[in-house]
Amino acid sequence: MDDKKVVIINGFSRDETIAIMRAVKDAITCPDRVAFCMGNENNREWRVKDLINEVVEEHNRMTRRS
């Protein structure tokens, strides 16, 4: 995932989060290339750059991309 398309979602309900994810995937040409992240107690204090890198790495592992 070279272009690092990441959507960080924080403070939404489960249903709202699913709706946001679906809307984003419907709006882009390569929905499998976007990674999503939920804000939580563990990552809220991270630097955005570090959070994006972690989310991209995890997305790559889950989709078997390098």
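As a starting point, this report considers the structure included with it.

The rules we used
Note that residues are indexed from 1 along each chain, following the sequence as it is written. Local features in this predicted model are restricted to residues whose pLDDT is 70 or higher, and side-chain atom pairs enter the listing and the counts only when it is 80 or higher, whereas totals over whole chains, interfaces and linings include all residues. To get the side-chain values, take all heavy atoms of the structure and skip hydrogens and water. Strands here are runs of E lasting at least two residues and helices are runs of H or I lasting at least four, both read from the DSSP assignment and numbered beginning at the N terminus. Burial status follows relative accessibility: with a 1.4 Å probe on protein chains alone, a residue under 20% of its type maximum counts as buried, one over 50% as exposed, and anything between as partly exposed. By the convention used here, residues are in contact when the closest approach between their heavy atoms is within 4.5 Å. Using a 1.4 Å probe, accessible areas were evaluated by the Shrake-Rupley method; residue-level cover was limited to the displayed protein chains. This count recognises Lys and Arg as positive and Asp and Glu as negative, with His and chain-terminal groups excluded. For this purpose, a charge sits on NZ of Lys, CZ of Arg, CG of Asp or CD of Glu. Criterion used throughout: strands pair if DSSP finds at least two bridges between them. Consider the strands pointing away from the viewer: the crossover is right-handed when the path from the first strand over the helix to the second runs clockwise. Here, expected helix span is obtained from the residue count minus one, scaled by 1.5 Å. Here the arc refers to the directions that run from the helix axis out to each C-beta atom.

Some remarks on the overall build of the chain
- In terms of helices and strands, the chain carries two helices and two strands.
- What you see in the chain, going N to C, is helices and strands ordered as β-α-β-α.
- The 66 residues of the chain split such that 20% are buried.
- Across the chain, the fraction of contacts at a sequence separation of at least 24, relative to all contacts at a separation of at least 6, is 65%.
- Of the accessible surface of the chain, which amounts to about 5100 Å², a share of 50% is contributed by carbon and sulfur atoms.
- Looking at the chain, you have 12 positive and 12 negative side-chain charges, and the mean spots of the two groups are 4 Å apart.

A look at the pairing of strand β1 (residues 5-9)
- Of the strand pairs in this sheet, β1 and strand β2 (residues 34-38) are connected by five bridges, and their pairing is parallel. Across the sheet, the residue bridging to V6 is A35, located in β2.
- Where the polypeptide runs from β1 across helix α1 (residues 14-27) and back to β2, its parallel neighbour, the crossover connection is right-handed.

Quick notes on the environment of F36
- With respect to the element layout, F36 can be found in strand β2.
- Sequence separation between F36 and R61 is 25 residues, and the spatial gap between their C-alpha atoms is 14 Å.
- The residues touching F36, leaving out its near neighbours within four places in the chain, are V7, I9, M21, V24, K25 and V55.

Points about helix α2 (residues 48-63)
- For α2, which comprises 16 residues, the first-to-last C-alpha distance of 22 Å matches the rise-based estimate of 22 Å (1.5 Å per residue) to within 8%.
- Residues L51, V55, V56, H59 and N60 constitute the buried set of α2. On an axial view of α2, the arc spanned by its buried residues comes to 165 degrees, and they lie on one face.
- Taken together, the buried residues of α2 touch β1 and β2.
- Of the residues flanking the end of α2, it is R64, one or two places downstream, whose phi is positive at about 60 degrees.

Here we look at the side chain of N43
- In this fold, N43 is placed in the loop between β2 and α2.
- Residue N43 is classed as buried on the basis of its relative accessible area of 8%.
- Those residues within four positions of N43 in sequence are excluded, and the remaining contacts are C37, M38 and L51.

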